[in-house]
Amino acid sequence: MTQPQETIEVWSLEGRFQHLLHSPRGEVEGAMIDVDGVPAQFTFGKNDERAARAFEALRPGQALVVEGTVAPAPRHGEAAHEVYALERLVSTDGAPAAPDEAVRRAQGRVARIHHARHGEPNGVVLDSGDFVHMRPDGFAALPLQTGDAVEASGPARPLRGAAGHVIDARTVNGQTLPTKTHG
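If you're wondering where the values come from, they're calculated on a predicted model, not measured in any experiment.

1. Comments concerning unusual backbone geometry
- In this structure, Asp 36 takes a positive phi of about 50° despite not being glycine.
- Structurally, Asp 36 can be placed in the loop between strand S2 (28-35) and strand S3 (38-43).
- In the Ramachandran plot, Arg 135 falls in the positive-phi region, its phi being about 65° despite a non-glycine side chain.
- Along the chain, the position of Arg 135 falls in helix H2 (residues 135-141).

2. Describing the nonpolar core
- Counting 19 residues, the largest nonpolar core has Ile 33, Phe 42, Phe 55, Leu 64 and Val 66 as its most contacted members.
- At the level of elements, strand S1 (10-22), S2, S3, helix H1 (49-56), strand S4 (63-70) and strand S5 (82-92) are the ones that each hand at least two residues to this core.
- For Phe 42, the residues in contact, after removing those within four places along its chain, are Leu 13, Glu 29, Gly 30, Ala 31, Ile 33, Val 66, Glu 67, Gly 68, Tyr 84 and Leu 86.
- Core analysis: the next-biggest nonpolar cluster, separate from the first, contains 16 residues, Val 124, Val 132, Leu 144 and Leu 177 among them.

3. A look at the side chain of Ser 153
- Counting through the fold element by element, Ser 153 comes out in strand S10 (residues 149-158).
- A polar side-chain atom of Ser 153 sits 2.9 Å from a polar atom in the side chain of Thr 171.
- Not counting residues within four places of it along the chain, the set of residues in contact with Ser 153 comprises Arg 104, Arg 105, Ile 167, Asp 168, Ala 169, Arg 170 and Thr 171.

Criteria and thresholds
- For every chain, the first residue of its written sequence is number 1, and the numbers climb from 1 along that sequence.
- pLDDT decides what is reported in this predicted model: residues at 70 or higher carry local features, side-chain atom pairs at 80 or more are listed and counted, and totals for whole chains, interfaces and linings draw on all residues regardless.
- No hydrogens and no water enter the side-chain calculation; it runs on all heavy atoms of the structure.
- Helical segments are the DSSP runs of H or I of at least four residues, strand segments are the runs of E of at least two, and each set is numbered from the N terminus.
- Buried Ala, Val, Leu, Ile, Met, Phe, Trp, Tyr and Cys residues that are joined via side-chain atoms within 4.5 Å together make up what is termed a nonpolar core.
- Relative accessible area decides the class of each residue, using a 1.4 Å probe on protein chains only: under 20% of the type maximum gives buried, over 50% gives exposed, and in between gives partly exposed.
- Contact criterion: two residues are considered in contact whenever any of their non-hydrogen atoms come within 4.5 Å of each other.
- In the analysis that follows, any N or O atom pair within 3.5 Å is treated as a polar contact, provided that within protein one partner can donate a hydrogen and the other can accept it, and provided that, for residues neighboring in sequence, both atoms belong to side chains.

Interpretation in functional terms is not warranted from these geometric data alone.
Following this line, the structure appears as structure tokens:
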């Protein structure tokens, strides 16, 4: 005898990132987006580091497509807006979201050249604090100097021990970088 299965309805919402939501311990536990003037909250599963990293890389106002399921009603009172349990971040500013790391755009001026463990230049640190990782091949193809303007995009994650992000650059100043994996 088969048992009926519950159907789970996943909603896809398109809107603009507003801000992160934090737990009392300071951990990222969700995000607010604006869907045509209507607030929508997405909550992350406990210990969902992947979701926290993806949303930490966003800036307010970025266009998002986010999928989620309607969360159960709260035990005490009504929610002030619709609340969804996050299923996945689909896209950011029209670009598909990377499975593990959010795509981020960084811009600023080169504050210093960054070097790989073996001493070869492999990227730049911007005055914004972001580290644009270009790999040695990418840096050689587009040698930058202190003070140069840079606009880069690629998968990103927060830097440990610093305020910026590391961007694994796919493009720098409109040029696609080589995709070798060393450095």
